[in-house]
Amino acid sequence: MCQHQPACPTAFSADREAAKPVAHHPEQGWSLLCNGVLLFEDTGELLPDGQIIAPHRSLTAEQVATAA
């Protein structure tokens, strides 16, 4: 699917989020990457084979202080 040179990481690579967006809809909270991954603003992902990757956003110092 990716036409970039060098090619973007595949949907099943650990660094799949580094692929370039081909559609970006911040008002809806998602982007489609050139490797077929749907990336959601909460850092969750939907892979082309239907596999779901749970959100994995790291906490900021402010969120850690509030949670403590």
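In the block above lies the structure referred to throughout.
An account of the accompanying structure is given in this report. The shown structure was predicted, so the numbers you read here are calculated from the model rather than taken from an experiment.

Here is what the cut-offs are and how they apply
Residues numbered from 1 in each chain as written. Predicted model: local features only at pLDDT ≥ 70, side-chain atom pairs only at ≥ 80, totals over all residues. Heavy atoms only, no water. Pairing = 2+ DSSP bridges. Helix = DSSP H or I, 4+ residues; strand = E, 2+ residues; numbered from the N terminus. Contact = heavy atoms within 4.5 Å. Polar contact = N/O pair within 3.5 Å; in protein donor to acceptor, adjacent residues only side chain to side chain. Core = buried A, V, L, I, M, F, W, Y, C linked by side-chain atoms within 4.5 Å. Buried < 20%, exposed > 50% of the residue type's maximum accessible area, 1.4 Å probe, protein only.

Moving on, we get to the sheet that holds strand β4 (residues 45-46). By way of backbone hydrogen bonds, the strands of a sheet pair with one another, either parallel or antiparallel. If you trace the five strands from one edge of the open sheet to the other, you get β1-β2-β3-β4-β5, paired in antiparallel fashion. Edge positions in the sheet fall to β1 (21-25) and β5 (52-53), since each has one partner strand and no second. As defined by bridge partners, β4 adjoins β5 across two bridges and the pair is classed as antiparallel. Considered in β5, the bridge of Leu46 is made with Ile52.

Moving on, we get to the environment of Glu45. If you trace the backbone, Glu45 turns up in strand β4. In the structure, Glu45 is positioned 14 residues away from Ser31 in sequence and 9.7 Å away in space, judged by C-alpha atoms. Once you skip the residues sitting within four places of it in the chain, Glu45 turns out to touch Arg16, Glu17, Val37, Leu38, Leu39, Phe40, Gln51, Ile52, Ile53 and His56. Here the side chain of Glu45 touches Arg16 through a polar contact of 2.6 Å, side chain to side chain.

Grouped together as the largest cluster of nonpolar side chains are eight residues: Cys8, Ala11, Ala19, Leu33, Cys34, Val37, Leu47 and Ile53. Residue contacts for Ala19: discarding those within four places in its chain leaves Cys8, Pro9, Leu33, Cys34 and Asn35.

Geometric descriptors of this kind do not, in isolation, establish any biological role.
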